[in-house]
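Spelled out from the first residue to the last, the chains are:
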Amino acid sequence: MFTPLTWFLVALSLAAMAYAVVLAARSKRIDWPVLGAVGVVEVALIAQLVVGIVQLAGTDRDVSGPFFVGYLIGSLLILPIGVFWALAESSRWGAGALAIACVVIPILELRLHDVWTA
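Quick caveat, the model's predicted, so the values are computed rather than measured. Throughout, a residue's number is its position along its own chain's written sequence, starting from 1. Note on the predicted model: pLDDT of at least 70 is required for a residue's local features to be given, and 80 or more for side-chain atom pairs to be given and counted; whole-chain, interface and lining totals, by contrast, use all residues. Each side-chain value is worked out from all heavy atoms of the structure, with water and hydrogens disregarded.

Draft legend 1. View of helix 1 (residues 3-25). Strands here mean DSSP runs of E at least two residues long; helices mean DSSP runs of H or I at least four residues long; both are numbered from the N terminus. The span one expects for a helix is its residue count, reduced by one, times 1.5 Å. Between its terminal C-alpha atoms helix 1 stretches 33 Å, which fits the 33 Å expected from 23 residues at 1.5 Å a residue. Among all positions of helix 1, only Leu5, Thr6, Leu9, Val10, Leu12, Ser13, Ala16, Ala20, Leu23 and Ala24 are buried. Just beyond helix 1, the residue with positive phi is Ser27, at close to 60°. Relative accessibility thresholds used throughout: buried, under 20% of the residue-type maximum; exposed, over 50%; partly exposed, between the two (1.4 Å probe, protein chains only).

Here's what the structure looks like:
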């Protein structure tokens, strides 16, 4: 697993989460800067999917392939669902829903790291 990419994803998704929490606290809807940050996280998650599958195919480690790939694919789905929910919700809770989706990414990333290093 490419560790710098994992920590980049954790840091950027936590920053997007913090910004979404600020928006929710101010009773504002999500805006372009938070959507841009989420878009960057999503592109990095796609890169991680490709790198992870290539590294899984070439490793001799005892890694559970279905769990590992499942976490990679699952992490790709969380943010689009959160963005859709945030855009559909016209109150401040839309930003709250996006904040929750953003905090799930570091949890999945740390679990991916555990699966890879176990």
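Draft legend 2. View of a nonpolar patch on the surface. On the surface, a nonpolar cluster with roughly 230 Å² of combined accessible area is contributed by Leu14, Ile100 and Val103. Inspection of the secondary structure puts Ile100 in helix 4 (residues 93-117). For Ile100, a relative accessible area of 56% gives the class exposed. A patch is a set of surface residues, each over 30% in relative accessible area and not in a salt bridge, joined within 9 Å for like charges and within 5 Å for the nonpolar side chains Val, Leu, Ile, Met, Phe, Trp and Tyr. A 1.4 Å probe and the Shrake-Rupley method give the accessible areas. Residues count as covered only by the protein chains that appear here. Just to be clear on terms, a salt bridge is a Lys or Arg side-chain nitrogen sitting within 4 Å of an Asp or Glu carboxyl oxygen.

Draft legend 3. Highlighting the nonpolar core. As used in this record, nonpolar core signifies buried Ala, Val, Leu, Ile, Met, Phe, Trp, Tyr and Cys residues forming a set joined through side-chain atoms within 4.5 Å. Formed by 33 residues in total, the largest nonpolar core has its most connected members in Val38, Val41, Leu45, Phe68, Leu79 and Leu98. When residues of this core are traced back to their parent elements, those giving at least two are helix 1, helix 2 (32-57), helix 3 (65-88) and helix 4. Each residue touching Phe68, except ones within four places of it in the same chain, is listed here: Met1, Gly52, Leu56, Val63, Leu112, Val115 and Trp116. Contact between two residues is taken to exist if any of their heavy atoms lie within 4.5 Å; hydrogens are not considered.

Draft legend 4. Region of the structure containing the side chain of Thr6. Among the secondary structure elements, Thr6 is positioned in helix 1. Not counting the four nearest positions on each side in its chain, Thr6 is found in contact with Met1, Gln48 and Glu109.

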